[in-house]
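So you can see what is in the structure, the chains are spelled out below.
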Amino acid sequence: MAPIFTGAFINGLINWLLQQWSAFSADFYLNFIKEDRWKYLVRGLGITLEVAFFAAIIGIILGALFAIIRTTADKSDKKGFLLRCVNWMVKLYITVVRGTPVVVQLLIINFVIFSSVLIDAAIVAIIAFGLNSAAYVAEVFRSGIMSIDEGQFEAGRSLGFGYWDTMKYIIMPQAIKNVLPALANEFITLLKETSVSGYIGLMDLTKAGDIIRSRTFAPFLPLIAVALIYLIMVVALSSGVTKLERRLRNGSR
């Protein structure tokens, strides 16, 4: 039987691999090295992380506030008029935000709400994604608060705490511990959602890859690079969430 891998076959394979490597090297140089185009990705990554970080802070603060309002209204036997109105507005807000695409919310905030105001696109993105995240974080916190046994509220009252002190010192610390993994997963989703920031002219990571593509007319490498960067960040965050869940489980034993 004649050998499958003859000298001619091996030489042809080597030549083909060299051609592919040469083409890849040329594309890599064109997309990232020439004119320092890699700096677009670095700058876009920084903007993406900045928007995601500050939007997450807004989401945590507003989400916790909304969750407390919702749970207070749910647990209160006698709801005052003000509490009913505020709870209704919070429920409406959460319904509207969760029921509409984040890119539409981003466009409305930029081209409608701030249409006559000179404001940096990054600030607009932070506000838009922060308000969007708050609706989801509110439900996460609400589930955590509702999971706390009613006896914890009674324990707070027996210690002389009012409702808000009980919520602040007893309920919320336990609720945060219970929902930390879900909260971290929400921030992973928020990080990926910021990829639509380019709709308002913000040069985030995705927009940076698109700029490179528009200048080199070679879409494969810049878009793959953007996807890989997002993948690395998500895998790193997911790994952190897994370690956090393991630590919380060990700490609760």
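Our structure's up above, just so we're on the same page.
Residues numbered from 1 in each chain as written. Predicted model: local features only at pLDDT ≥ 70, side-chain atom pairs only at ≥ 80, totals over all residues. Heavy atoms only, no water.

A. Fine view of the overall build of the chain. What the chain contains, in helices and strands, is 9 helices and 0 strands. Relative to the 2.2 N^0.38 estimate, which gives 18 Å for 253 residues, the radius of gyration of the chain is 25 Å and therefore markedly larger than a compact globule would have. Across its three principal directions, the C-alpha atoms of the chain cover 85 × 60 × 30 Å. Relative to its full complement of 253 residues, the chain shows a buried share of 36%. For the chain, restricting intrachain contacts to residue pairs at least 6 apart in sequence, the fraction spanning at least 24 positions comes to 77%. (Helix = DSSP H or I, 4+ residues; strand = E, 2+ residues; numbered from the N terminus. Rg over C-alpha atoms; globule rule 2.2 N^0.38 Å. Buried < 20%, exposed > 50% of the residue type's maximum accessible area, 1.4 Å probe, protein only. Contact = heavy atoms within 4.5 Å.)

B. Looking closely at helix α6 (residues 150-158). Between the side-chain oxygen at the start of α6 and the backbone nitrogen of G151 there is a gap of 2.7 Å, and the oxygen is on D149. A positive backbone phi angle near 90° is found at G160, which sits one or two residues after α6. (Polar contact = N/O pair within 3.5 Å; in protein donor to acceptor, adjacent residues only side chain to side chain.)

C. How the structure looks around the nonpolar core. Counting 19 residues, the largest nonpolar core has V51, L106, A125, F129, I200 and L202 as the members making the most contacts within it. Secondary-structure elements contributing two or more residues to this core are α2 (38-75), α4 (102-113) and α5 (121-146). With 7 residues, α5 is the largest single contributor of residues to this core. In this structure V51 touches A122, A125, I126, F129, T194 and L202, once residues within four positions along its chain are discounted. Grouped together as the second largest cluster of nonpolar side chains are 16 residues, V137, F141, M172 and A175 included. (Core = buried A, V, L, I, M, F, W, Y, C linked by side-chain atoms within 4.5 Å.)

D. Seen up close, the pattern of salt bridges. Within the structure shown, the criterion is met by 6 salt bridges. Here D36 makes a salt bridge to K39, at a shortest N to O gap of 3.7 Å. Given a relative accessible area of 39%, D36 falls into the partly exposed group. Residue K39 is classed as partly exposed on the basis of its relative accessible area of 39%. Of the charged contacts, one joins E139 and R98 as a salt bridge, the two residues approaching to 3.9 Å between their closest N and O atoms. Highlighted residues: E139 in helix α5 and R98 in helix α3 (residues 81-99), separated in sequence by 41 residues. (Salt bridge = Lys/Arg side-chain N within 4 Å of Asp/Glu carboxyl O.)

E. Region of interest: the side chain of N132. Position of N132 among the secondary structure elements: in helix α5. The contacts of N132, once residues within four sequence positions are left out, are Y93, V97, V102, Q105 and E193.

F. Here's a closer look at a nonpolar patch on the surface. On the surface, F9, I10, L13, I14, W16, L17 and L18 cluster together into a nonpolar patch covering about 660 Å² of accessible area. Here L18 is to be found in helix α1 (residues 7-33). Exposure remark for L18: the relative accessible area of 52% places this residue in the exposed category. (Patch = residues over 30% accessible without salt bridge, like charges linked within 9 Å, V, L, I, M, F, W, Y side chains within 5 Å. Areas by Shrake-Rupley, 256 points an atom, 1.4 Å probe, with all protein chains shown as cover.)

G. Main features of unusual backbone geometry. At D36, a position not held by glycine, the phi torsion is positive, near 55°. One can find D36 in the loop between α1 and α2. Not every positive phi belongs to a glycine, and F217 is a case in point at roughly 55°. Within the secondary structure, F217 is located in the loop between α8 (205-216) and α9 (220-251). In this structure F217 comes out as exposed when scored by relative accessible area, which is 72%.

H. Looking closely at the packing of α4 against α5. Contact pair α4 / α5: the axes reach a minimum separation of 9 Å and the direction vectors enclose 135°. Between α4 and α5, the angle is such that the two are oblique. In this structure, the crossing between α4 and α5 has a hand that is right-handed. Residue-level contacts link V102, Q105, L106, I109 and N110 of α4 to V124, A125, A128, F129, L131 and N132 of α5. In the contact of α4 with α5, the residues fall into 8 nonpolar, 3 polar and no charged. (Axes fitted to C-alpha atoms, helices over the stretch in contact; angles between N-to-C directions. Parallel < 35°, antiparallel > 145°, perpendicular 65-115°, else oblique. Left-handed = near helix turned anticlockwise from the far one by under 90°. Nonpolar A, V, L, I, M, F, W, Y, C, P; charged D, E, K, R; others polar.)

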